[in-house]
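Chain by chain, the residues:
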Amino acid sequence: MAGPAAERENLEDFFEKLRLKNLTIDSSLGSAMLPLLRFSLWRFGFLSLCACGFLPSLCGQVDAMKIESWQVDGQAAVDPSKTHAEGPGAFRLLPGSKMVLPLREDAGSGRVTMWVYDDGTLPPDVALKDRHVGPRWGVAQPDGRALVGSVLYAPYLAGDTSYVVSDSDQKVWHNVAGVTKRSPGWHEWVFDFEAKSGIRVTMDGKTAARFDWNKLGIGGFSALVLYGDSKDAKRPQDLWVDDIQVTLGPPMEVKPVPPPPPPPVLPEKDPAPQGAVPELGEAVRGKHPRLLFTAEDVPRLKEFYASPEGAKWRKQFDEYLPVSTAPTDEKFLSDATDGQRQGFWKLPTVALHYVLTGDKTSFERTVEFLQKLLATPHWETGNELDSGMSAANIMIGAALAYDWLYHDLEPAFREQFRQKLIRHARSMYHGGHLKKNPGLTYWQTDTQNNHRWHRNAGLTLSVLTTYEGKPEEQWLLQKTAEELAFINKWLPEDGTSHEGPSYMVFGGNHLVLAMDAADRCLGTNYLSLPFYRKAGEFLAGTTLPGFAGAFGFGDWEGNGLGNYGNFQLRLATANNLPDLKDAAMKVFEAEPRSMSFSWFSLIWDSLPLPRGDAAKLPLATLWPDLGLAVMRDSWQADAVAAMFKCGPFGGYLLNEFSQQNGNSYVNVAHDDPDANAFVLAIGNELVAETDRYAKSKKSAAHNTILINGMGQMTKGRAEGQVFSQPGGDMTKMGIITAWRVTPDIVAVEGEAAGSYLEYQDKKSGASRPALERFRRTFLWVKSGYILVLDEVRAPATVEVSWLMQGPDLKAVDEATGRFELGSKSRRCPFQVVASEKLAFAIGVSPAESRGNNLGFRQLTANASAAGLFVASIYDPWGRGQLSLHLENLTPGAAKIVVEGGGIRDVWDWKAADGLAPSSINAVREKGPAAGFPFVLDAANSQPPR
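Our next topic: the overall build of the protein. Each helix and strand counted, the protein has 16 helices and 41 strands in total. Classification of the 945 residues of the protein by burial places 59% in the buried group. For the protein, the share of sequence-separated contacts (at least 6 apart) that also reach a separation of at least 24 residues comes to 69%. Accessible area of the protein: about 36400 Å², with a carbon and sulfur share of 52%. Across the protein, the mean location of the 97 positive side-chain charges is 1 Å away from that of the 111 negative side-chain charges.

Okay, here's the thing in structure tokens:
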């Protein structure tokens, strides 16, 4: 028998011949008259119906119900090539088809048995976690609500291994009401509606797991329903159903008993605090403004605003001021971007303008804003009622405006708004932080999630600006202080974000707002913690030469710099880091949009700290929490720079946090499978590239390797998936094994075998072996070349695909492994050689951004081996043709010779056991001896963590 896809063309005529008309069952067979009816899918597509002894006088009237009794939409008919038991065949529904068999007017009890065939068709691996409604079968009540067995796919479901019992309208929503194990073949499904006891659903005699009819909205059935797969399925699946048997019973005597309603999200009052309650410091107690500056600071702010130093911010500030008016709609209630627009951008702008200038129009606009917010019952609707991203940003602007205009607001209105802020702070904490609101709770268990930082900013500013020391306010202040301490405990000391610099910027202003206010009001010293001292260095260090873009990793778009970089000014002043202030300002001067909405900058740059010199910052830095290294030959705009990365999803500290909390969820949806990948920049142009905001995350879009065509993954997250949650310890995915910096040579080495899991092919059943070793040594010879040494070991022969991609890539001489990377105006020749013969191919890279291919060219070098050594050399400085040779190559050892451009370098490489660094001895036999001899081993390699 041909496969389903091959058959479909041949069945077109068959379906046309058997296209069915919409008919209904005889109304004389109502449920009150027929306590027992049995339907069987039988000969030639007819339904046989009999009262089976209960009402023999009626049997003659309904002796043989034809298939025309079904209401059919689409292509569905009897397939003679498929049958469960005896008979001419099973119903077959092609994608987009629907069959409905009305049984009675009112819903009632009864029993339905049907046999369903699953041919095992699955979506492509890259679509396995896409939202997709597949075939369904079951019963429905008169309003169309159905209880069905189904094949459903979603990021939170295992559609490849589980069937879902779904309580659904079959159009918009599908509630998961139970699950059963999925496997190909025939399965008996029973929907049992007992009049006196309720509903039970079984598959092959086993009750669906977690099924509770009291949580459903279906109380009986009046029809049978069969639904084919979605028409837009990427790999559609047909549905076969046979041997349908129905017993109709009397009306249901019992009804679902829904669980008692949960307690209100917002209790009437908060509990009494336990233990010590923090107090506002004497300098701010009973005073306003207090959050980001005090009344004593206002003269300094006004002076800075009018000064030549403040002119750049004043210009940007005044350009945005005309549109900073109260919203005329309530789009912000359901649109988080508009929530930022109103609360994070507009309201603070117009309020601060009044503080700095005394402009009455700005005062009136600010009051209009506050009046609008006071009159709006909620600041966010939906599942995250008053506890989502939009509410958080509205709270930020509302709290700042209340604080800054406190003395000029009419007292009665001011107190009303204070109570409004308190209510929203309580709603944020109870509904969000305590997870009382329904919906996803993705941010509450992840200390490094920027969405949490947004919410914490709104909570902190609202609590601190309204606090008057009253007993009923103390618990929330205590909990807010605990939340800030908790977040700071789990921020990496190297100042990094595993989601990349773009997402660091997206949450950084919010994080610093909360901590700045806490330091001022509560006397904490958060902004001097290691994370905040190092965060500016991370953002500066990951910029491209010329500061006009960033070395992006994770999810990023545009130039990778984001729009909210203003907080770097506050971190520089808080920690007396003038060189980092200079770096932040150079980024702003190269790309002014990197510090948009300059109300931040007018406040934070007014603090006294002169600009230093970014050129004094390190030229090579390793950030150990991520296994991320960046090196450059200078801080000039025409410099050469490179980024190397070998670390786990989430970074080491977030994994430690998860493990200490029972492997709790941490959000690594924005992390890429890019262990042992690297990129190269000449000036501000990337010549060796990476993907952007990828919809489908795969190692094939990075400069690393594939094994048997598969890239890097971890348990619970197959390659190509995006928002699935990995499970267990991810720290073995990527490990930096060596780091050494000298004035002329930098060495960084990573081990990434832990990212290549044993993979079971679902179609062939073949097991793809895991790697024993994927060691990459990245050697930066300043102003000379970049040498990359790769060692791959597997327990059996595997297909290794070595990858390199960039905006342009062309072959120069494939016979000697010579190619050239290119960008808009830059070129970088490179050569790749190996211990086995490599088969080269150049094509279009799968690298993409939000599903749109980026058009990069990619070199794939393939070899079949259980052990492979690959060496590649890059010439971004344009020294001329460099030649690379492998000599004295034995398992675990090699001599690599680099010649050309007036030099001859010899690198002796030896593998080491376990995670010890490789042993490398390099000498320069010809040419200037700068940096040579160079040695890398366990004795001189800096421990990465």
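What follows continues from the structure just given.
Within strand E17 (residues 239-248), 9 of the 10 residues are buried, which leaves the element mostly enclosed by the surrounding structure. Of the strand pairs in this sheet, strand E6 (residues 90-93) and E17 are connected by 3 bridges, and their pairing is antiparallel. Across the sheet, the residue bridging to Leu 93 is Leu 239, located in E17.

Take the sheet that holds strand E10 (residues 146-153) next. On the basis of which strands lie adjacent, the open sheet formed by 7 strands has the order E4-E7-E16-E9-E10-E11-E12 and antiparallel pairing. Across the chains shown, the open sheet's two edge strands, defined by having one partner strand only, are strand E4 (71-73) and strand E12 (174-181). Strand-to-strand, the axes of this sheet are offset by a mean angle of 20°, without reference to chain direction.

In terms of nonpolar packing, the biggest core is built from 110 residues, with Leu 352, Trp 404 and Trp 599 touching the most fellow members. When near neighbours in sequence (up to four residues on either side) are disregarded, Trp 599 contacts Leu 292, Phe 317, Phe 344, Trp 345, Pro 348, Thr 349, Leu 352, Leu 400, Trp 404 and Leu 513. Of all hydrophobic cores here, the second largest spans 50 residues; its members include Phe 644, Cys 646, Ala 752 and Leu 868.

Once that is clear, we can look at the sheet that holds strand E39 (residues 903-910). Pairing within the open sheet is antiparallel, and its 5 strands lie in the order E37-E38-E39-E40-E41. Edge positions in the sheet fall to strand E37 (883-890) and strand E41 (934-936), since each has one partner strand and no second. With direction set aside, neighbouring strand axes in the sheet form an average angle of 15°.

Of all 8 residues that make up helix H13 (residues 567-574), 7 are buried, and the element is covered over most of its length. Listing the buried residues of H13 in full gives Phe 567, Gln 568, Leu 569, Arg 570, Leu 571, Ala 572 and Thr 573. In this fold, the buried residues of H13 make contact with helix H4 (311-320), helix H11 (501-522), helix H12 (530-541), helix H14 (578-590) and helix H15 (599-604). Where H13 terminates, the next one or two residues include Asn 576, which has phi positive at roughly 55°.

This brings us to the confidence of the model for the protein. Per-residue pLDDT for the protein has a mean of 89; in total, 91% of the residues score no lower than 70. Across residues 1-65, confidence stays below pLDDT 50; counting only partners more than four residues off in sequence or on other chains, it has 125 contacts.

The next point concerns the packing of aromatic side chains. Tallied over the entire structure, the rule returns 45 aromatic pairs. When the centroid spacing of 5.0 Å and the interplanar angle of 65° are considered together, the rings of Phe 819 and Phe 840 count as edge-to-face. Here Phe 840 lies in strand E33 (residues 839-844) and Phe 819 lies in strand E31 (residues 818-822), a separation of 21 residues in the sequence. In this structure Phe 819 comes out as buried when scored by relative accessible area, which is 1%.

Right, let's talk about the side chain of Gln 340 for a bit. Examined against the element boundaries, Gln 340 turns out to sit in helix H5 (residues 336-357). Those residues in contact with Gln 340 that lie beyond four places of it in its chain are Trp 345, Asn 393, His 454, Phe 506 and Tyr 564.

Further remarks concern the packing of H5 against helix H7 (residues 389-404). Look at H5 against H7: their axes get within 7 Å of each other, and the N-to-C directions meet at 10°. Comparing their axes, H7 and H5 come out roughly parallel. Judged by residue contacts, Ala 336, Gly 339, Gln 340, Gln 342, Gly 343, Phe 344, Leu 347, Pro 348, Ala 351, Leu 352 and Val 355 of H5 engage Met 389, Ser 390, Asn 393, Ile 394, Ile 396, Gly 397, Ala 398, Leu 400, Ala 401 and Trp 404 from H7.

A word on unusual backbone geometry. Following His 288, the chain continues into Pro 289 via a peptide bond in cis, with omega recorded as -5°. Topologically, Pro 289 is positioned in the loop between E17 and helix H3 (298-306). The backbone of Asp 204 shows a phi angle near 50°, a positive value even though the residue is not glycine. Mapped onto the fold, Asp 204 is located in the loop between strand E14 (198-203) and strand E15 (206-207). Even without glycine at this site, Asn 708 takes up a positive phi of about 55°. Assignment of secondary structure puts Asn 708 in the loop between strand E23 (705-707) and strand E24 (735-741). Of the residues examined, Asn 708 reaches a relative accessible area of 24% and is grouped as partly exposed.

Attention now moves to the pairing of strand E28 (residues 773-781). With 9 of 9 residues buried, E28 lies mostly within the body of the structure. Along E28, one buried face is formed by Arg 773, Arg 775, Thr 777, Leu 779 and Val 781 and the opposite face, lined by Phe 774, Arg 776, Phe 778 and Trp 780, is buried too. Judged from the 7 bridges that link them, strand E25 (residues 745-751) and E28 form a sheet pairing that is antiparallel. In the sheet register, Val 748 faces E28, and the bridge partner there is Phe 778. Sheet topology note: the E28/strand E29 (residues 785-806) ladder contains 9 bridges and is antiparallel. Paired with Phe 774 across the bridge in E29 is Val 792.

Given a rise of 1.5 Å per residue, 12 residues ought to cover 16 Å, and the 16 Å separating the end C-alpha atoms of H12 matches this to within 8%. Most of H12 sits inside the fold, with 9 of its 12 residues counted as buried.

Within this structure, the stated rule accounts for 47 salt bridges. For Asp 605, the salt bridge identified is with Lys 581, shortest N-O distance 2.9 Å. Here Lys 581 lies in helix H14 and Asp 605 lies in the loop between H15 and strand E18 (620-623), a separation of 24 residues in the sequence. Each member of the pair, Asp 605 as well as Lys 581, is classed as buried.

Let us now look at the side chain of Gln 858. Here Gln 858 shows up in strand E36 (residues 857-874). Classification of Gln 858 as buried rests on a relative accessible area of 7%. One polar contact links the side chain of Gln 858 to the main-chain carbonyl oxygen of Ala 700, over a distance of 2.7 Å. Not counting the four nearest positions on each side in its chain, Gln 858 is found in contact with Ala 700, Leu 803, Met 804, Gln 805, Ala 841, Ile 842, Gly 843, Ser 845 and Pro 846.

Glancing now at the environment of Leu 352. In this fold, Leu 352 is placed in helix H5. According to the relative accessible area criterion, Leu 352 is buried, its value standing at 1%. Separated by 248 residues in sequence, Leu 352 and Phe 600 place their C-alpha atoms 9.8 Å apart. Setting aside chain neighbours within four positions, we find Leu 352 in contact with Phe 293, Phe 317, Trp 404, Trp 599, Leu 602 and Ile 603.

Considering the arrangement of structural elements, one finds His 454 in helix H9 (residues 450-466). Residues His 454 and Gly 508 lie 54 residues apart in sequence; the distance between their C-alpha atoms is 9.0 Å. Each residue touching His 454, except ones within four places of it in the same chain, is listed here: Gln 340, Met 389, Ala 392, Asn 393, Ile 396, Phe 506, Gly 507 and His 510. Side-chain polar atoms of His 454 contact the side chain of His 510, separated by 3.2 Å.

Let's shift gears to the environment of Gly 900. Tracing the sequence through the fold places Gly 900 in strand E38 (residues 893-900). Through-space distance from the C-alpha of Gly 900 to that of Asp 808 is 24 Å; in sequence the pair is 92 residues apart.

Rules of the game
Residues numbered from 1 in each chain as written. Predicted model: local features only at pLDDT ≥ 70, side-chain atom pairs only at ≥ 80, totals over all residues. Heavy atoms only, no water. Helix = DSSP H or I, 4+ residues; strand = E, 2+ residues; numbered from the N terminus. Buried < 20%, exposed > 50% of the residue type's maximum accessible area, 1.4 Å probe, protein only. Contact = heavy atoms within 4.5 Å. Areas by Shrake-Rupley, 256 points an atom, 1.4 Å probe, with all protein chains shown as cover. Lys, Arg positive; Asp, Glu negative; His and termini not counted. Charge placed at Lys NZ, Arg CZ, Asp CG, Glu CD. Pairing = 2+ DSSP bridges. Axes fitted to C-alpha atoms, helices over the stretch in contact; angles between N-to-C directions. Core = buried A, V, L, I, M, F, W, Y, C linked by side-chain atoms within 4.5 Å. pLDDT = per-residue confidence, 0-100. Phe/Tyr/Trp six-rings, centres within 6.5 Å; stacked < 30°, edge-to-face > 60°. Parallel < 35°, antiparallel > 145°, perpendicular 65-115°, else oblique. Expected span 1.5 Å × (residues − 1). Salt bridge = Lys/Arg side-chain N within 4 Å of Asp/Glu carboxyl O. Polar contact = N/O pair within 3.5 Å; in protein donor to acceptor, adjacent residues only side chain to side chain.

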